[in-house]
Amino acid sequence: MTVHNLYIFDRSGACLHYSEWHRRRQAGIPKEEEFKLMFGMLFSLRSFVGKMSPTDMRDGFLSFHTSKYRLHYYETPTGLRLVLNTDLSVASAREALHHIYSNLFVELVVKNPLCPPRQPVQSELFRSRLDAFVRSLPFFAPRAA
């Protein structure tokens, strides 16, 4: 089991934070372009799922997977979007994403007067605590090749 990367977007699609751990292959495009593509895909997928679902989608979509990875999605009431990409063996990372939002982002970024709202996160404390938390997850370890 492994964690590849994490994106945090604001409601307008600006990437506030990006981290990667065991990402084996780069996208081959500039990071800003990758962020726009990721947010656009999330926006479209969320809209598609909401329109096509035969039942009430109170929670929206939580994850999807390809043959190579699983994308875990968490959206807050304020429109902040957290995306964690893992390998396929991680069934759900919802609790981890909720912890990142409520215990790390809110406490170390939102409540920090030195962190301007709607700007990329510059807090070294947030980055180090996030890294420590992700590394402590039971599904963090890299997969054997």
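Residues numbered from 1 in each chain as written. Predicted model: local features only at pLDDT ≥ 70, side-chain atom pairs only at ≥ 80, totals over all residues. Heavy atoms only, no water.

Engineer: Help me understand the pattern of salt bridges in this model?
Structural biologist: Two side chains bearing opposite charge may form a pair once their charged atoms approach each other closely. Inspection of the entire model under this criterion finds six salt bridges. Residue Arg-81 pairs with Glu-75 through a salt bridge whose shortest N-O separation is 3.5 Å. The partner of Arg-135 in a salt bridge is Asp-131, and the shortest N-O contact between them spans 2.8 Å. Taken as a pair, Arg-135 and Asp-131 lie in helix H3 (residues 124–136) at a separation of four residues, close to a single helical turn. Because the salt bridges share partners, they merge into one network encompassing Glu-20, Lys-31 and Glu-34. (Salt bridge = Lys/Arg side-chain N within 4 Å of Asp/Glu carboxyl O. Helix = DSSP H or I, 4+ residues; strand = E, 2+ residues; numbered from the N terminus.)

Engineer: I'm lost on the pairing of strand S4 (residues 70–75) in this one. Help?
Structural biologist: If a strand is regular, its side chains alternate between the two faces of the sheet. Most of S4 sits inside the fold, with five of its six residues counted as buried. In this structure, S4 lies alongside strand S5 (residues 81–86), joined through six bridges in antiparallel fashion. For Tyr-74, the partnering residue across the bridge sits in S5 and is Leu-82. Between S4 and S5, which pair antiparallel one after the other, the connecting turn spans five residues, and Gly-79 there sits at a positive phi close to 95°. (Buried < 20%, exposed > 50% of the residue type's maximum accessible area, 1.4 Å probe, protein only. Pairing = 2+ DSSP bridges.)

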